[in-house]
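# A structural walkthrough
As a plain string of letters, each chain reads:
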Amino acid sequence: MSKISLLAFDMDGTISVSKTPLDEEISKTLGEILQNRKIAVITGADLPQLEKQVIIPLQKVKANIDNIILLPTCGSQFFYYVNGKTTKMYSEDLSVDEKSKIFIALEYAINQTGSKPEKIYGEQIEDRGTQVTFSAIGQDCPVDVKSTWDPDMTKRKAMKKILDELLPDFDIKIAGLSSIDITRKGIDKKYGMMKLLEHTKIPTEEIIFFGDKLVPDGNDYPVIETGIRCILVQDHRHTNSILKEIISKRFEYIKD
Ligand SMILES: [Mg+2]
């Protein structure tokens, strides 16, 4: 039996529907946990997206967000809350040089592969500080248009091949329905969770991680290597039911 001090979660597909705010039910459950425990959320998304999907719904149910840690862009950024105010622990931003290298490589890859769509909705290349995200048809593109652009990933695989060659110091990840995320090499959820352990000083055995992609090639899979106990979930409803069970056992200890 180990004491539980912190529950860590992936966001999309684990505590919410992809790109969607937490529903009221899981917000209330998480609110209950936050009364006396810490919660961390680790995702490839950036801080504004995390605040929209997680923090605002939790504020609606008056949860104690001072017990939350946010790890946007896989933990290359680390935020926590003091009296409800976002506070930065660190942000490992790409340098101006690194960013311009990435922008030039992206332009080249777009031209070489001819993957220029006729219409672009909003920003196509987004600077997220620690990550550059290429959204083929733009950030604000409707999902139905997005999902038909590159369903078998052929276009993005062709771009990735070029980018891998041009940017050997970076990780090129095919993400979402029409995106490519570019970060410094070695930034994944294992990296972020190791940062969490380092900065909170919470022992590994007092943490549980929940993810919907804890399978080989899934973006939660690297967390397994940290030695943190991991729970594979189907969706946010599944997570919610496990959390309720943990709460009903008074949440002090959990069976190994
Ligand atoms: Mg997920």
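Since the model is a prediction, treat every value here as computed from it, not as a measurement.

### Digging into the state of the cysteines
- One pass over the full model with this rule turns up 0 disulfides.
- Distance from the sulfur of Cys-74, which forms no disulfide, to the nearest cysteine sulfur (Cys-230) is 14 Å.
- Classification of Cys-74 as buried rests on a relative accessible area of 13%.
- The class for Cys-230 is partly exposed, based on a relative accessible area of 26%.

### Some details on the packing of aromatic side chains
- Using the criterion set out here, one finds 2 aromatic pairs in the structure.
- Arranged with centres 5.0 Å apart and planes meeting at 20°, the rings of Phe-9 and Phe-210 form a pair that is stacked. With a gap of 201 residues between them, Phe-9 in strand S2 (residues 6–9) and Phe-210 in strand S11 (residues 207–211) connect regions that are remote in the sequence.
- Relative to Tyr-90, the ring of Phe-78 has its centre 5.6 Å away and its plane inclined at 50°; by these criteria the two rings are tilted. Note that Phe-78 is positioned in strand S5 (residues 77–82) and Tyr-90 in strand S6 (residues 85–91), a separation of 12 residues in sequence.

### Some thoughts on the domain arrangement of the protein
- Domain parsing of the protein yields domain 1 (2–76 + 187–254) and domain 2 (96–182).
- Computed over C-alpha atoms, the centres of domain 1 and domain 2 are 28 Å apart.
- Counting from both sides, the interface comprises 6 residues of domain 1 and, opposite them, 6 residues of domain 2.
- When the buried surface of domain 1 facing domain 2 is broken down by residue, Asp-46, Thr-73 and Ile-187 rank first, second and third, together holding 64% of it.
- Inspection of the region where domain 1 meets domain 2 yields 1 salt bridge.
- Summed over the shared surface of domain 1 and domain 2, the number is 3 residue pairs in polar contact (both at pLDDT 80 or more).
- Split by residue class, the side of domain 1 that touches domain 2 holds 2 nonpolar, 3 polar and 1 charged.

Criteria and thresholds
- Residues numbered from 1 in each chain as written.
- Predicted model: local features only at pLDDT ≥ 70, side-chain atom pairs only at ≥ 80, totals over all residues.
- Heavy atoms only, no water.
- Disulfide = S-S within 2.5 Å.
- Buried < 20%, exposed > 50% of the residue type's maximum accessible area, 1.4 Å probe, protein only.
- Phe/Tyr/Trp six-rings, centres within 6.5 Å; stacked < 30°, edge-to-face > 60°.
- Helix = DSSP H or I, 4+ residues; strand = E, 2+ residues; numbered from the N terminus.
- Domains from an automatic or database assignment.
- Contact = heavy atoms within 4.5 Å.
- Buried area = accessible area lost by both parts, 1.4 Å probe.
- Salt bridge = Lys/Arg side-chain N within 4 Å of Asp/Glu carboxyl O.
- Polar contact = N/O pair within 3.5 Å; in protein donor to acceptor, adjacent residues only side chain to side chain.
- Nonpolar A, V, L, I, M, F, W, Y, C, P; charged D, E, K, R; others polar.

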